[in-house]
Protein chains: 2
Amino acid sequence: MIAPITPVTPITPALDPPYHAVIFTSRRTSITQDYDPLAETMLAFAARQPGYLGVDSVRDPASGTGITVSYWRDEAAIAAWRRDADHRLAQQSGRAKFYENFTVHIAHVTRSYDFQRDEAL
Amino acid sequence: MIAPITPVTPITPALDPPYHAVIFTSRRTSITQDYDPLAETMLAFAARQPGYLGVDSVRDPASGTGITVSYWRDEAAIAAWRRDADHRLAQQSGRAKFYENFTVHIAHVTRSYDFQRDEAL
């Protein structure tokens, strides 16, 4: 049993460009069995990968729509993680079980900034 | 009153690179008044902008964490929208009212693909 990791809070801060982002936007099927451990395993694999910088992941339970963005120092790190991720997905009866549909955008981040609310407000 | 638009379902499909993505990851404050009309206005402004390609937006009501990714043909379109968006935010008492914190990543998308589940499964 892999302990859950908590990628959502706090959100990933601004990073020093250049770096890369993998945007994974998905709609889940109604099949919940075995999904959470798989998702946790995939994120744990990502976090162990050289070149991993962070991940933000949000799913709206009502609509089943989710966005996960992972951040990487270089494309080699993304490729290595994808090989692992594909392997795990295959072991778990395949993506078709868990996803109605998804889109992946792989991008080169050129600029980043963040905002923190003044507590005095 | 601007009618709500529904950016979440269906999710934006794979697009022809190159294009650009603005990843906006945020944690909301507990202030809800006036937020939804503002968010809808911002998205409606985006959709009217030349070079706009699409948006995906998800927020987990429980954690208050959200990710919105907008897609654009070129950087000029992003710049024009940001000017509008900043203007609207300023009119609505500012970002500090609605966001505890947020991070923006501006990226150049080089690859995109999608998956649609086979209905027969």
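Residues numbered from 1 in each chain as written. Chains lettered and ligands numbered in written order. Predicted model: local features only at pLDDT ≥ 70, side-chain atom pairs only at ≥ 80, totals over all residues. Heavy atoms only, no water.

A. Focus on the interface of chain B and chain A. Between chain B and chain A, the contact holds 49 residues from the first and 49 residues from the second. For the chain B and chain A pair, buried surface summed over both sides reaches about 4300 Å², with 60% attributable to carbon and sulfur atoms. Counting the contacts that link chain B with chain A gives two salt bridges. Summed over the shared surface of chain B and chain A, the number is 21 residue pairs in polar contact (both at pLDDT 80 or more). Elements represented by at least two residues in the side of chain B that touches chain A include exactly strand E1 (19-28), strand E2 (52-59), strand E3 (65-72), helix H3 (95-98) and strand E4 (99-116) of chain B. (Contact = heavy atoms within 4.5 Å. Buried area = accessible area lost by both parts, 1.4 Å probe. Salt bridge = Lys/Arg side-chain N within 4 Å of Asp/Glu carboxyl O. Polar contact = N/O pair within 3.5 Å; in protein donor to acceptor, adjacent residues only side chain to side chain. Helix = DSSP H or I, 4+ residues; strand = E, 2+ residues; numbered from the N terminus.)

B. Here's a closer look at the pattern of salt bridges. Per the stated rule, a full pass over the model turns up four salt bridges over all chains. Across the salt bridge formed by Glu100(B) and Arg117(A), the nearest N and O atoms sit 3.4 Å from each other. Of this pair, Glu100(B) sits in strand E4 while Arg117(A) sits in the segment after strand E4 (99-116), on two different chains. Classification of Arg117(A) by relative accessible area gives buried; the value is 15%. (Buried < 20%, exposed > 50% of the residue type's maximum accessible area, 1.4 Å probe, protein only.)

C. View of the sheet that holds E3(B). Read from one edge of the open sheet, eight strands run E2(A)-E3(A)-E1(A)-E4(A)-E4(B)-E1(B)-E3(B)-E2(B), paired in antiparallel fashion. If you trace the sheet from one side to the other, it starts and ends with strand E2 (52-59) of chain A together with E2 of chain B, each paired once. This sheet shows a mean twist of 25° between the axes of neighbouring strands, independent of strand direction. Where E2(A) and strand E3 (residues 65-72) of chain A come together, seven bridges link them in antiparallel fashion. When the sheet's bridge partners are listed, Tyr52(A) is paired in E3(A) with Trp72(A). With respect to the sheet, helix H1 (residues 35-48) of chain A is in contact with strand E1 (19-28), E2, E3 and E4 of chain A, its orientation differing from that of E2(A) by roughly 155°. Where helix H1 (residues 35-48) of chain B meets the sheet, it contacts E1, E2, E3 and E4 of chain B, and its direction lies at approximately 155° from that of E2(B). (Pairing = 2+ DSSP bridges. Axes fitted to C-alpha atoms, helices over the stretch in contact; angles between N-to-C directions.)

D. Up close: unusual backbone geometry. All names here are of chain A. A cis amide bond links Pro17 with the next residue in sequence, Pro18, at an omega value of 0°. Positive phi, normally seen in glycine, also occurs at Asp34, with a value near 75°. With respect to the helices and strands, Asp34 occurs in the loop between E1 and H1. Looking at Asp34, the relative accessible area reads 36%, which means it is partly exposed.

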